[in-house]
Structures are given as structure tokens and as C-alpha cells.
Amino acid sequence: MSNSQTRATKRYQEKNGLISKSYKLKRELTDQFKEACERAGVSQAEQIAKMMKQFIDEHPE
């Protein structure tokens, strides 16, 4: 059984269109990316979303 916080989190994620994705990447690359994000003061998710949007814009339908 899930607790009330878990249910609230699930509702929030569904309402805001958040999903979880999983990718297999080399540890060295992900460690370097984490450190670079920390130095830049941005979250990893924020930076990945930015790069995805840029790539989409560069490759329109």
C-alpha cells in the first residue's frame, strides 16, 4: 500500500506531465555531466531538457 505522500506525488507528476525515462550511458560520461551541472549550478534534468529542446529545434519535421 502506498502512503498519502506517494499518492500526492503521483498525482502531481501526472498533472504536470512528468514521466521517468531510463537510458544506459557510460558511468564516466554521467559522472562528468553531474559534476559539470554542479559547477554550472543547474539541475541535471533541467540541462537535459534544454539540450533536448535545442536538438528538436535544430531538426524540425
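All values reported here derive from a predicted model rather than from experimental measurement. (Residues numbered from 1 in each chain as written. Predicted model: local features only at pLDDT ≥ 70, side-chain atom pairs only at ≥ 80, totals over all residues. Heavy atoms only, no water.)

Visitor: Give me the lowdown on a nonpolar patch on the surface, citing residues and values where you can.
Guide: On the surface, Tyr23, Leu25, Leu29, Ile48, Met51, Met52 and Ile56 cluster together into a nonpolar patch covering about 730 Å² of accessible area. A per-element tally of the nonpolar patch places helix α3 (residues 44-58) first, with 4 residues. Looking at the secondary structure, you find Tyr23 in the loop between α1 (4-15) and α2 (27-40). The class of Tyr23 is exposed, set by a relative accessible area of 56%. (Patch = residues over 30% accessible without salt bridge, like charges linked within 9 Å, V, L, I, M, F, W, Y side chains within 5 Å. Areas by Shrake-Rupley, 256 points an atom, 1.4 Å probe, with all protein chains shown as cover. Salt bridge = Lys/Arg side-chain N within 4 Å of Asp/Glu carboxyl O. Helix = DSSP H or I, 4+ residues; strand = E, 2+ residues; numbered from the N terminus. Buried < 20%, exposed > 50% of the residue type's maximum accessible area, 1.4 Å probe, protein only.)

Visitor: Please provide a residue-by-residue account of α1, values included.
Guide: With 12 residues, α1 extends 16 Å from end C-alpha to end C-alpha; this agrees with the ideal 16 Å at 1.5 Å per step. Burial analysis of α1 places just 0 of its 12 residues in the buried class, a small minority of the element. Of the residues flanking the start of α1, the one acting as N-cap is Asn3, its side-chain oxygen 3.0 Å from the backbone nitrogen of Gln5. Phi for Gly17, located one or two positions after α1, is positive at around 70 degrees. (Expected span 1.5 Å × (residues − 1). Polar contact = N/O pair within 3.5 Å; in protein donor to acceptor, adjacent residues only side chain to side chain.)

Visitor: I'd like a rundown of α2, residues and numbers included.
Guide: Along an α-helix, a turn takes 3.6 residues, which lines up residues three or four apart on a common side. Between the first and last C-alpha of α2 there are 20 Å, a value that for 14 residues agrees with the 20 Å anticipated at 1.5 Å per step. Note on α2: the residue one or two positions beyond its end, Gly41, has a positive phi of about 75 degrees.

The values reported here are purely geometric and, on their own, carry no functional implication.
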